[in-house]
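Working through the structure, step by step
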Amino acid sequence: MRLSRYFLPVLKENPAEAQIVSHRLMLRAGMIKQSSAGIYSWLPLGYKVLKNIEKIVHEEQVKAGHIPMLMPTLQSADLWRESGRYDDYGQEMLRIKDRHDRDMLYGPTNEELITDIFRSHVNSYKDLPLTLYHIQWKFRDEVRPRFGVMRGREFLMKDGYNFDLTKEDALHAYNRHLVTYLRTYERMGLQAIPMRADGGPIGGDYTHEFLVLAETGESEVFYDSEITDLKFGSRDIDFDSVEECQAVLEEFTSRYARTDETHDEAVFNEVPEERRRTARGIEVGQIFYFGTKYSEAMNATVVDNEGNKVPVHMGSHGIGVSRLLGAIIEASHDENGIIWPEGVTPFHCGIVNLKQGDAEADAACDALYKSLTALGLEPLYDDRNERAGGKFATMDLIGLPWRITVGPRGLKNGVVELTSRRTGESEELPPEQAVEKIA
Ligand code: ATP
Ligand code: MG
Ligand code: MG
Ligand code: MG
């Protein structure tokens, strides 16, 4: 992409309404624009990152055998009356009437809708286990939408639902989700710690929230510092193996790590004092096992191998896809701007032409652009007629992992400058070598 033809409306000034750094940087980098409280347009740069995050989420779900689909944003109130949640959900639910005076709502989550789909089509234990998921916009009329996409009213969520014959099978699904979530967040350059959470209105003992530690997080968390040494890494896992998935759950949840809702001072005090940590965190996901709560209320049953009709065991599992942009930036930035982890970066590298219009510099930039593109990489070429300082500031702000700086002086010696956004280190090298380093 050539910057002169792109739409990147960066802001010079710090927007007054932004209280936290991720919100400020997303606005300044021209990634989002608020359309009304807690509702945003995703401008091209923000949209690109959102899509990259979505892609990682999809890939990790599919690897575990979970099946993507898409449910609508608008739902009929009738299903929610069946589960009893139409009245329980309260003011966070946006309720709408259609022209026939039917009660509709903009889905804040999808347990009812998916259970209805399940019961319409599945009748036998032979069709289990089944895990379906989608990535779709949700609406929650939050009392205090704030911090940009972090607490929006309209936000993008991945929500998955497992249907199993027994509690054991459903807990395997729970563990499988834990594994996929660990991998998903790590691929985005994030450490998200599973912490024991409160079942809330959905109930159930089995629920973990995934938290990214950050001062601006809205949750208070308590944990054993040893947990921050754990990495899932690139290990292979057989998602069908109950033991393997269970072992990961045990490894990642055996140390003390809880949110304020489930925090227990007495148990916490058993952790050696030098390892006890109190901090703040951003909730980027949550997994639940809730048994037969919805299947009983909505009559989602299967016939088991003895011919009995039994309600299925279910769980639901959410990832805050749009909130993740904020969480990643909170975890990865400096005073000059965003520092994108390689896994989600909107462009792989920036090319800065120090002397636009200079035949040699222009040709060198074009050649770099071609060879990067040929390798399947996506560069952002700043070909505008601007001062070098302004170009560097823009590149730093939008946070691409690499910058290649091209100017007549370097070209005389056959070199360009390659700069890492994260370390700030630069080196001069021939253009081909710069390309190799990025690839
Ligand atoms: P919170 O405690 O932050 O209100 P939640 O527990 O109500 O979140 P869940 O129902 O667990 O949210 O939804 C799954 C995920 O969706 C959350 O872990 C979070 O990452 C994301 N999410 C929830 N509410 C919002 C929101 N208002 N804006 C952006 N993302 C959200
Ligand atoms: Mg909430
Ligand atoms: Mg929560
Ligand atoms: Mg939650």
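The structure contained in this document is the topic of the report that follows. (Residues numbered from 1 in each chain as written. Chains lettered and ligands numbered in written order. Predicted model: local features only at pLDDT ≥ 70, side-chain atom pairs only at ≥ 80, totals over all residues.)

Before going further, it helps to examine the overall build of the chain. Scanning the chain for helices and strands turns up 14 helices and 23 strands. Here the chain has a C-alpha radius of gyration of 24 Å; the compact-globule value for 439 residues is 22 Å, and the two agree. Overall, the C-alpha framework of the chain stretches about 80 × 60 × 40 Å when taken along its three principal axes. Classification of the 439 residues of the chain by burial places 41% in the buried group. Taking contacts inside the chain between residues at least 6 apart in sequence as the whole, the part at least 24 apart equals 73%. (Helix = DSSP H or I, 4+ residues; strand = E, 2+ residues; numbered from the N terminus. Rg over C-alpha atoms; globule rule 2.2 N^0.38 Å. Buried ≥ 20, exposed ≤ 12 C-beta atoms within 10 Å, placed from the backbone. Contact = placed C-beta atoms within 7 Å.)

With that out of the way, let us pick up the sheet that holds strand β4 (residues 74-76). Strand order in the open sheet formed by 3 strands is β4-β6-β5, with antiparallel pairing between adjacent strands. The outermost strands of the open sheet, each flanked by one partner alone, are β4 and β5 (94-97). When the angles between neighbouring strand axes are averaged without regard to direction, this sheet yields 35 degrees. (Pairing = 2+ DSSP bridges. Axes fitted to C-alpha atoms, helices over the stretch in contact; angles between N-to-C directions.)

Near ligand 1 you find 15 residues, and of these F155, Q286, G318, G320 and R323 are the closest. Listed by contribution, the elements that provide at least two residues to the shell around ligand 1 are β8 (154-164), β13 (276-291), β16 (313-320) and α10 (321-331). Tallying contributions element by element places β13 first for the shell around ligand 1, with 4 residues. Looking at the shell around ligand 1, its residues break down into 3 nonpolar, 7 polar and 5 charged. (Near = placed C-beta within 6 Å. Nonpolar A, V, L, I, M, F, W, Y, C, P; charged D, E, K, R; others polar.)

What follows is about helix α12 (residues 388-398). For α12, every residue scored as buried is listed here: K391, T394, M395, D396 and I398. In the stretch just after α12, G399 is the one whose phi turns positive, near 75 degrees.

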